[in-house]
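Residue strings, one per chain:
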Amino acid sequence: MKRRTDRPIPERVQVPVWDLPTRLFHWLLVALIAFSWWTAETERLDWHIWSGLAILTLLIFRLLWGFVGSSTARFASFVRGPRTVLAYVRGMHGWRAIGHTPLGALSVLALLLLIGAQTVLGLFNSDNDGLVEGPLAPLISFDASDLVHELHDDVFDVLLAFIALHVAAVLSYRLALGKRLTRAMITGHAQLDPPTEPMRPARRWVALLCLIVALAITRWIAGGAPPL
Ligand code: HEM
């Protein structure tokens with residue numbers, strides 16, 4: 001009779017988790033948010049507007065990729081109801097699916113919504129003298145412009161808090177659960193226990209098409225929006 005200890009321990013396998021477009025999206029977003037902050041602080045506002053438009057392109061791309069991208073990038077694979085989030089929090093250690101966890105997905109959605117709000121506010125924003133303005137600023141009244149200016153400052157503070165929370169969460173997964181999430185966001189792969197359903201990748205030309213559409217929409221907005 002075979003003893004329990006003779007049973008082979010399943011070896012961890014290297015599985016694809018994040019596709020290249022999602023990883024590029026993430027790290028370009030990080031770089032552009034830092035650049036936008038620096039250009040605002042140093043009053044390089046022309047660069048700030050270019051950076052904001054680049055973030056807008058990334059966000060439109062990510063929105064499209066959330067519907068037609070690889071399985072782990074799709075909103076349908078990670079946007080979950082409160083019951084699933086609660087069940088996950090209660091049994092965190094047993095979670096085996098790849099991609100965003102139900103809790104991580106909440107922070108991802110909050111970040112995307114805040115960055116989206118900040119970018120849209122930037123499109124309508126203008127500086128104190130009205131010399132440098134976002135491409136859609138001429139479409140709103142003077143009073144509305146004041147409000148947009150204030151909100152663009154306030155939303156950034158909230159965004160900073162969420163970014164700090166996001167980075168703290170990633171670090172605590174490493175320290176408390178031993179999960180190397182950052183490595184997976186860089187290399188695209190993670191070492192996981194089998195059996196694990198791998199990511200189903202989308203085709204590269206679909207990503208290219210999403211990028212072309214995102215660039216076209218950004219160009220239209222940068223030109224002051226209507227007429228089409
Ligand atoms: C400006 C700062 C940052 C922003 C705005 C940001 C935003 C985001 C967003 C939107 C996602 C979702 C990605 C997607 O599905 O497309 C994400 C995921 C992720 N980010 Fe960040 N991020 C920032 C900084 C960082 C840093 C510094 C790290 C590493 C220390 C990091 C590590 C990760 C990881 C590991 C994931 C995947 C989480 C998971 O497995 O569910 N992020 N981030």
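Right, let's walk through the structure included here. The shown structure was predicted, so the numbers you read here are calculated from the model rather than taken from an experiment.

A closer look at the overall build of the chain
Per the secondary structure count, the chain includes eight helices and two strands. Counting only C-alpha atoms, the chain reaches 85 × 35 × 30 Å along its principal axes. For the chain, the residues scored as buried account for 22% of the 228 residues in total. For the chain, restricting intrachain contacts to residue pairs at least 6 apart in sequence, the fraction spanning at least 24 positions comes to 70%.

What about the site of the ligand?
In the vicinity of the ligand lie 21 residues, with His100, Gly104, Val108, Leu181 and Met185 positioned nearest. Sorting elements by how many residues they give to the shell around the ligand places helix 1 (residues 20-41) first, with six residues. Split by residue class, the shell around the ligand holds 13 nonpolar, seven polar and one charged.

Focus on the packing of helix 1 against helix 2 (residues 45-68)
For the pair helix 1 and helix 2, the least separation of the axes is 9 Å and the interaxial angle reads 155°. When the axes of helix 1 and helix 2 are compared, the pair comes out roughly antiparallel. Our pair here, helix 1 against helix 2, has a crossing hand that is left-handed. Contacts between helix 1 and helix 2 involve Pro21, Thr22, Phe25, Leu28, Leu29, Leu32, Phe35, Ser36, Thr39 and Ala40 from the former and Trp47, His48, Ser51, Gly52, Ala54, Ile55, Leu58, Phe61, Arg62 and Trp65 from the latter. Across the contact of helix 1 with helix 2, the residue classes tally to 13 nonpolar, six polar and one charged.

Let's talk about the nonpolar core
Phe61, Trp65 and Cys210 are the most contacted members of the largest nonpolar core, which has 14 residues in total. When contributions to this core are tallied by element, the ones reaching two or more residues are helix 2 and helix 8 (204-222). Filtering out sequence-adjacent residues up to four positions away, Phe61 remains in contact with Phe25, Cys210, Leu211 and Ala214.

Topic: the environment of Leu20
Residue position: Leu20 is located in helix 1. The exposed category is assigned to Leu20, around which 12 C-beta atoms lie within 10 Å. Counting along the chain gives 187 residues from Leu20 to Ala207, while the straight-line C-alpha distance between them is 9.6 Å.

Here's the deal with the packing of helix 4 (residues 82-90) against helix 5 (residues 102-124)
Following both chains from N to C, one finds helix 4 and helix 5 inclined at 125°, their axes separated by 8 Å at the closest point. The angle between helix 4 and helix 5 falls in the class oblique. For the pair formed by helix 4 and helix 5, the contact residues are Thr84, Val85, Tyr88 and Val89 on the first element and Pro102, Leu103 and Leu106 on the second. In terms of residue class, the contact of helix 4 with helix 5 is made up of six nonpolar, one polar and no charged.

Topic: helix 6 (residues 142-177)
With 36 residues, helix 6 extends 52 Å between its outermost C-alpha atoms, agreeing within 8% with the 52 Å of an ideal straight helix rising 1.5 Å per residue. Immediately downstream of helix 6, the backbone of Gly178 shows phi near 70°, a positive value.

Let's talk about unusual backbone geometry
A positive phi is found at Glu43, a non-glycine position, where the angle reads about 55°. Relative to the helices and strands, Glu43 is located in the loop between helix 1 and helix 2. Look at Glu43 and you get exposed, because 10 C-beta atoms sit within 10 Å.

What counts, and where the lines are drawn
- Residues numbered from 1 in each chain as written.
- Predicted model: local features only at pLDDT ≥ 70, side-chain atom pairs only at ≥ 80, totals over all residues.
- Helix = DSSP H or I, 4+ residues; strand = E, 2+ residues; numbered from the N terminus.
- Buried ≥ 20, exposed ≤ 12 C-beta atoms within 10 Å, placed from the backbone.
- Contact = placed C-beta atoms within 7 Å.
- Near = placed C-beta within 6 Å.
- Nonpolar A, V, L, I, M, F, W, Y, C, P; charged D, E, K, R; others polar.
- Axes fitted to C-alpha atoms, helices over the stretch in contact; angles between N-to-C directions.
- Parallel < 35°, antiparallel > 145°, perpendicular 65-115°, else oblique.
- Left-handed = near helix turned anticlockwise from the far one by under 90°.
- Core = buried A, V, L, I, M, F, W, Y, C linked by C-beta atoms within 7 Å.
- Expected span 1.5 Å × (residues − 1).

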